[in-house]
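Overview (structure and organization)
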Amino acid sequence: MPTHRRNASKLIPSKCHTFNDDGDNGGCHGMIPRHISLTFLEKENPVAYEAHLLLLFIICLCAQYLNLYRTVFDFSKLNLNIPINFHLIDFNSVILSLVLVAIPLMQHICNSVASLMSSSFRDYFFYPSSLLILSFCSVICARCAYFIYLSQGLNGLLCISYSSFMYLLIYFPNLMQAYESSKQASFQENAGKFLKAIAMPKRFSDEQPIHTCYSNPSLVREEILSLKNLFNERLKFILFKSVLIAYYSTFLPICFAGPRHAYDTNLTGQFCALTWISAFLLLTSHLYSPHFYDVLHKSSLHLGKWQKLETRNSLLPCTSWAENASYPQGVVIKYSREYFKAEGITNCAEPTNQAHLRYYIVFSNPVGGFGTLLGLLMVLVFVQLFLLIRSSEWYKLISLTMLIVINSWTVFRLIRTYHVLKEVYKVESQLQDDGRSSLD
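All values derive from a computational prediction rather than experimental measurement. (Residues numbered from 1 in each chain as written. Predicted model: local features only at pLDDT ≥ 70, side-chain atom pairs only at ≥ 80, totals over all residues. Heavy atoms only, no water.)

1. Brief notes about unusual backbone geometry
This is how the line gets drawn: A run of H or I in DSSP counts as a helix once it spans at least four residues, and a run of E counts as a strand once it spans at least two, with each numbered from the N terminus.
One non-glycine residue, S336, lies in positive phi territory at about 55°. Along the chain, S336 falls in the loop between strand 5 (332–335) and strand 6 (338–342). Although it is not a glycine, R337 sits at a positive phi angle of roughly 65°. Relative to the assigned elements, R337 resides in the loop between strand 5 and strand 6.

And the structure:
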């Protein structure tokens, strides 16, 4: 007898938990995934996070200028006892870059101060102060852009405007959606939304989603779709902000270097790549926080996973997949003339939906996700250490050491979080096993 027929005979007969339109399961009972709350795990302060990001930007900016405009020490001449040729630096571009990156930090500080006030005075303080900060920064940026135009011409303006073009490229669908929705609202409503959009800082911690243990499979799939879109929006923001930091801290100084100025292109290009990777991993560790990743993990347990069976021409005792049904582990169903076996604790996913499959694979094991992020950060630090060991020039030692220190703090914070989550999800896995054994 063929092997696949013997294996097919050992599969669990098809059992499903059907649901009515109101979400009731009609008396069917099955295992519901058990969750552990992460309320004991403290969330990262947004002010500290923005300060960390600004510190990374300043370190990379100073290190790149050190790579570009370093001097050769000559103690016989007093005018050469400085590490950098400061007269070659375009300070208008430095001020403009610092202001653009520091605006979120100033807004977060303003928001933190406003949160300490009573609710009656909070809005009266926050919005005027935030608009004052934006106005002041806009005046500074306009002044710097004017002097850059006088010294660098139109090419200089195009270089400093790169972030605007990149923002339009990435967020053009979002802007079109906001424009279409604004047509249906009044002028006062649009003005209020615009005021909040420019005054309120981007606080992803306030947009923390909440998981609901739905019993209706359709609601589970809707929650998965919304969480996937939220994950993609954060990934889009990470890409934009990391490229923004790497561009203004390491690439813009190269653009403003004189055409006759000689510098090490390999070193400056290498530092651009290291800066972008450092900013990308730092943003990822904050925006994909343990609390956010935990919500996606909980929803993936309700979604489940289907494994396609190679049964060829065999006929298995099973029913067809239904949208309003939830299937326990081990159940075999028929969908599109093919057989699938349920491998999740509870399974509400569509069998041939690759988006559901990828969602379950990525988020069913949150420890693996944090371990991957931690591994990438440690690889980055080891690469920087290797470059530091091979370097002998004083400017390379200074720039690489500063970058290693700022990345080591992120590694330390992730190691601590990784060990806590490893123990938490180990207990959660034991709870799921106990639930299966109680049902058996």
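2. Quick notes on the sheet that holds strand 6
Selection criterion: Pairing between strands is defined by DSSP: at least two bridges between them are needed.
Taken together, the four strands give an open sheet; going across it, the order is 2-6-5-3, and neighbouring strands pair in mixed fashion. The sheet terminates laterally at strand 2 (306–309) and strand 3 (319–320), the two strands that pair on one side only.

3. Brief notes about the pattern of salt bridges
Any two side chains of opposite charge can pair, on the condition that their charged atoms come close. Spelled out, the test is: The rule for a salt bridge is simple: a side-chain nitrogen of Lys or Arg has to be within 4 Å of a carboxyl oxygen of Asp or Glu. For every residue, the accessible area obtained with a 1.4 Å probe (protein chains only) is divided by the maximum for its type, and the residue is called buried under 20%, exposed over 50%, and partly exposed between those limits.
Evaluated as defined, the whole model comprises six salt bridges. For K298, the salt bridge is made with D294, and the minimal N-O distance between the two is 3.1 Å. Here the residue K298 and the residue D294 both occupy positions in helix 10 (residues 290–303), the gap between them amounting to four residues, near one helical turn. For the pair K298 and D294, a shared accessibility class is recorded, and that class is buried. With a closest N to O distance of 3.1 Å, K308 and E338 form a salt bridge. Of this pair, K308 sits in strand 2 while E338 sits in strand 6, and the two are 30 residues apart along the sequence.

4. Things to note about the nonpolar core
Test applied: Think of a nonpolar core as a cluster: buried Ala, Val, Leu, Ile, Met, Phe, Trp, Tyr and Cys residues, connected wherever their side-chain atoms sit within 4.5 Å.
Formed by 102 residues in total, the largest nonpolar core has its most connected members in W306 and I333. Ranked by the residues each element gives to this core, the list is headed by helix 8 (residues 217–255), at 14 residues.

5. Considerations on the pairing of strand 5
Across two bridges, the pairing between strand 3 and strand 5 is parallel. Bridge pairing in strand 5 places T319 opposite I333. Pairing analysis gives four bridges linking strand 5 to strand 6, with the strands arranged antiparallel. Each residue of the ladder has a partner; that of V332, found in strand 6, is K341. Following strand 5, the chain reverses through two residues before pairing antiparallel with strand 6; S336 in that reversal takes a positive phi of roughly 55°.

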